[in-house]
Amino acid sequence: MHDPSNPQWMSKMTTPPPSPVAAPPAPPGHGQSPQQSGLQSGLKNRHLSMIAVGGVIGAGLFVGSASGIAAAGPGILLSYALVGALVVFVMRMLGEMAAANPTSGSFSAYADRALGRWAGFSIGWLYWFFWVVVLAVEATAGAAILTSWVPAVPQWAWALIVMVVLTATNLASVASFGEFEFWFAGIKVVAIAAFIVIGGLAIFGVLPGSDNAATGFANLTSHGGFLPNGPSAILTGVLMVVFSFMGSEIVTLAAGESEDPQRAVTKATKSVIWRVGIFYLGSILVVVSLLPWNDPSIAKKGSYVAALDSIGIPHAGQIMNVIVLTAVLSCLNSGLYTASRMAFSLGQRGDAPKAFARTNSRGVPQAAILASVIFGFIAVGFNYLWPTTVFQFLLNSSGAVALFVWLVICFSQLRMRGIILRENPDKLVVRMWLFPYLTWATIAMISFVLVYMLTDDSEGGGRIQVVLSVLLAIVVVAVSLVRDRLGRGASEKEAVTSR
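Since the structure is predicted, the reported quantities are computational estimates derived from the model, not experimental observations.

*Asks:* Can you break down the overall build of the protein residue by residue, with the values?
*Replies:* Regarding its fold elements, the protein presents 19 helices and zero strands. Looking at the protein as a whole, 57% of its 499 residues are labelled buried. For the protein, contacts bridging at least 24 residues in sequence account for 81% of all contacts bridging at least 6.

*Asks:* Summarise the nonpolar core; cite the residues concerned and give the values.
*Replies:* Counting residues in hydrophobic clusters, the biggest one holds 160 residues, and the most contacted among them are Phe62, Phe107, Trp406, Ile446 and Leu450. It is helix 6 (residues 117-149) that contributes the most residues to this core, 19 residues altogether.

*Asks:* Give me the lowdown on the environment of Val449, citing residues and values where you can.
*Replies:* Tracing the backbone through its elements, the reader meets Val449 in helix 18 (residues 437-453). According to the relative accessible area criterion, Val449 is buried, its value standing at 8%. Through-space distance from the C-alpha of Val449 to that of Leu235 is 8.1 Å; in sequence the pair is 214 residues apart. For Val449, the residues in contact, after removing those within four places along its chain, are Val238, Leu239 and Leu403.

*Asks:* Report on the packing of aromatic side chains, specifying residues and quantitative values.
*Replies:* Applying the stated criterion to the full structure yields 19 aromatic pairs. Here the aromatic rings of Tyr80 and Tyr280 are separated by 5.9 Å at their centres, their planes lie at 40 degrees, and the arrangement is tilted. Taken together, the residues Tyr80 in helix 4 (residues 76-100) and Tyr280 in helix 11 (residues 261-290) connect sequence positions 200 residues apart. When its relative accessible area of 1% is taken as the criterion, Tyr80 is described as buried. A centroid spacing of 6.0 Å and a plane angle of 20 degrees characterise the contact between Phe448 and Tyr452, whose relative ring orientation is stacked. With Phe448 and Tyr452 both in helix 18 and four residues apart, this pair spans about one turn of that helix. Since its relative accessible area comes to 43%, Phe448 is described here as partly exposed. Above the plane of the ring of Phe182 lies Arg46, whose end atom (NZ or CZ) is 4.7 Å from the centre.

*Asks:* Please give an account of the environment of Leu394 that cites residues and values.
*Replies:* Secondary-structure assignment places Leu394 in helix 16 (residues 390-397). Each C-alpha atom of the pair Leu394 and Leu468 lies 9.1 Å from the other, and the pair is 74 residues apart in sequence. Aside from chain neighbours lying at most four places away, what touches Leu394 is Phe129, Val133 and Phe382.

*Asks:* Any details on the packing of helix 6 against helix 14 (residues 316-348)? Residues and values, ideally.
*Replies:* In contact at an axis separation of 8 Å, helix 6 and helix 14 are set at 155 degrees when each is read in the N-to-C sense. Considering the angle they form, helix 6 stands roughly antiparallel to helix 14. In this structure, the crossing between helix 6 and helix 14 has a hand that is left-handed. For the contact of helix 6 with helix 14, the per-class residue count stands at 23 nonpolar, seven polar and one charged.

*Asks:* I'd like a rundown of helix 15 (residues 366-385), residues and numbers included.
*Replies:* For an α-helix, the turn length of 3.6 residues means that residues three or four places apart are oriented alike. Between its terminal C-alpha atoms helix 15 stretches 28 Å, which fits the 28 Å expected from 20 residues at 1.5 Å a residue. Within the span of helix 15, buried status applies to Ala368, Ile369, Ala371, Ser372, Val373, Gly376, Ala379, Val380 and Asn383. As for helix 15, its buried residues are in contact with helix 6, helix 7 (155-172), helix 14 and helix 16.

*Asks:* How would you summarise helix 18 if you had to cite specific residues and measurements?
*Replies:* When the terminal C-alpha atoms of helix 18 are compared, their 25 Å separation across 17 residues agrees well with the 24 Å that a helix rising 1.5 Å per residue should span. Taken together, the buried positions of helix 18 are occupied by Leu438, Thr439, Thr442, Ile443, Ile446, Val449, Leu450 and Met453. Looking straight down helix 18, one finds its buried side chains confined to an arc of 150 degrees; they lie on one side. The outward face of helix 18, more than 90 degrees from its buried face, is lined by the exposed residues Tyr437 and Val451.

*Asks:* Break down a nonpolar patch on the surface for me, citing the residues and quoting the values.
*Replies:* Among the surface-exposed residues, Trp156, Leu160, Val164, Tyr384, Leu385, Trp386 and Val390 lie close enough to one another that they form a single nonpolar patch of about 680 Å² accessible area. Looking at the nonpolar patch, the elements with two or more residues in it are helix 7 and helix 15. With a relative accessible area of 30%, Val390 lands in the partly exposed category.

*Asks:* Which residues make up the pattern of salt bridges, and what values go with them?
*Replies:* For the coordinates displayed, the defined rule picks out nine salt bridges. Across the pair Arg341 and Glu257 runs a salt bridge whose closest N-O atoms are separated by 2.7 Å. Residue Arg341 is located in helix 14, and its partner Glu257 is located in the loop between helix 10 (250-254) and helix 11; the two are separated by 84 residues in the primary sequence. Note on Arg341: relative accessible area 1%, which makes it buried. When the shortest N-O distance is used, the salt bridge between Arg483 and Asp351 registers 3.4 Å. You can see Arg483 sitting in helix 19 (residues 462-498) and its partner Asp351 sitting in the loop between helix 14 and helix 15, a full 132 residues away along the chain.

*Asks:* Could you give an account of the environment of Ser122, naming the residues involved and the relevant values?
*Replies:* Tracing the chain through its elements places Ser122 in helix 6. By relative accessible area, which is 4% here, Ser122 ends up buried. In sequence terms Ser122 and Leu472 are 350 residues apart; their C-alpha atoms lie 9.9 Å from each other. Apart from residues lying up to four places away in sequence, Ser122 is in contact with Val476, Val477 and Ser480.

*Asks:* So, the packing of helix 8 (residues 174-203) against helix 11: which residues are in play, and what are the values?
*Replies:* Running from N to C, helix 8 and helix 11 point in directions that differ by 35 degrees, and their axes come no closer than 9 Å. The crossing of helix 8 and helix 11 is left-handed. From helix 8, Val189, Ile192, Phe195, Ile196, Gly199, Gly200, Ala202 and Ile203 reach across to helix 11, where they touch Ile278, Phe279, Gly282, Ser283, Val286, Val287, Ser289 and Leu290. Partitioned by chemical class, the residues of the contact of helix 8 with helix 11 number 11 nonpolar, five polar and no charged.

*Asks:* Please set out the side chain of Asn170 residue by residue, giving values where relevant.
*Replies:* Position of Asn170 among the secondary structure elements: in helix 7. The class of Asn170 is buried, set by a relative accessible area of 2%. Within the local environment of Asn170, its side chain forms a polar contact with the side chain of Asn333, the two groups lying 3.2 Å apart. Residues within four places of Asn170 in sequence aside, it is in contact with Phe177, Asn333, Leu336, Tyr337, Val364 and Ile369.

Each value, and the rule that gives it
Residues numbered from 1 in each chain as written. Predicted model: local features only at pLDDT ≥ 70, side-chain atom pairs only at ≥ 80, totals over all residues. Heavy atoms only, no water. Helix = DSSP H or I, 4+ residues; strand = E, 2+ residues; numbered from the N terminus. Buried < 20%, exposed > 50% of the residue type's maximum accessible area, 1.4 Å probe, protein only. Contact = heavy atoms within 4.5 Å. Core = buried A, V, L, I, M, F, W, Y, C linked by side-chain atoms within 4.5 Å. Phe/Tyr/Trp six-rings, centres within 6.5 Å; stacked < 30°, edge-to-face > 60°. Lys NZ or Arg CZ within 6 Å of the ring centre and 35° of its normal. Axes fitted to C-alpha atoms, helices over the stretch in contact; angles between N-to-C directions. Parallel < 35°, antiparallel > 145°, perpendicular 65-115°, else oblique. Left-handed = near helix turned anticlockwise from the far one by under 90°. Nonpolar A, V, L, I, M, F, W, Y, C, P; charged D, E, K, R; others polar. Expected span 1.5 Å × (residues − 1). Arc of directions from axis to C-beta. Patch = residues over 30% accessible without salt bridge, like charges linked within 9 Å, V, L, I, M, F, W, Y side chains within 5 Å. Areas by Shrake-Rupley, 256 points an atom, 1.4 Å probe, with all protein chains shown as cover. Salt bridge = Lys/Arg side-chain N within 4 Å of Asp/Glu carboxyl O. Polar contact = N/O pair within 3.5 Å; in protein donor to acceptor, adjacent residues only side chain to side chain.

See the structure below:
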């Protein structure tokens, strides 16, 4: 382990510091190396490895799994397996494109090249909006936990403190972002690994002092069967767990600022299968094996706290609060980084203000970070002032954006495979399996999830999220098309004038 107090990790890179000027706009869809773009290669391999591992472990895994278990029983494992397979396929496709052309714009830059300027512009801004709203959600969640520990400090003040501290780390350097994320993700990984090991020992009755009756895997089938609410509950479970997987794509954005982008992306893509298998399926299997799926304590305390309590782990609730807070801070840290780098890439391509594409002497896109955090602060304000109206609207209108991102990745990969083979076949070091059949199957699966969401008419449920997200996407695409038309008109007028 590296000591964060050791100044070595803050040492200067061998690359000379970039000048604080805007990089020239890249050709549509073409990524740029860190040196070309003005970003520094400040992320070490250990940073990228932990970002890749921690990126799939969101606070939603700890907080949201209880409702999924209540809906589908032990069959929630199939829900997690289905969504996990989607993530593995999408990451494989994204890895194929990112290994060939690492760039801070990731899938937005690839959509720009493969599908057209409108696609890169639209998905880039939608993704930026998604993470800005996530910043508000996570800041509020973290503040609630901190307020329960220190009630003297009001919740809004904790939200402000958390946002300011993580903004400062992102502004300092990409290395400081990477170091914070290394430790945040490390705590999550160690916590889940320990939970799986301790829970596994208790399941088979070999954990000393365990209060849990050693039932093996009997709880998977002895309380109404493996699918107590019927096979359709698997799909209901899919809707409940799909959003806890968001963030796995962050490593492909961060790879553009690493020492060896191609190696980092290749490694992260190939490891996504065991990451999903161990952290999601492994930990949920422990929960539904230790406790009957309909045990009231799961809904009351949360699935992980209930499982730890059943073993007899003292202070399980507070232990889980520390882990959830770490997951929240990790999501905030990486969310601000992700939003700012997407804004930076949009600025590079002329789809955002030019100031977003400027980096300071530390290789940090300062304007892009500040713009992202300002909108994050505004969203936090909406969460406190109008939580059930304005903020709920923002939340719902960003609800299906992550699924749109996955679809765009799939369609981009269909086109980019041919482009890579034609221009740089030697860079095709990661290949999507069974191309193009598995890509089309993934598109069908994601589309099915979106359509199935329309059947959920509960308040704040899938239907309103899909409808509002589609309306927002239509508006953004329309803005993009109008910009393109106005740009072409201005170019044609200039050409005529110059004759």
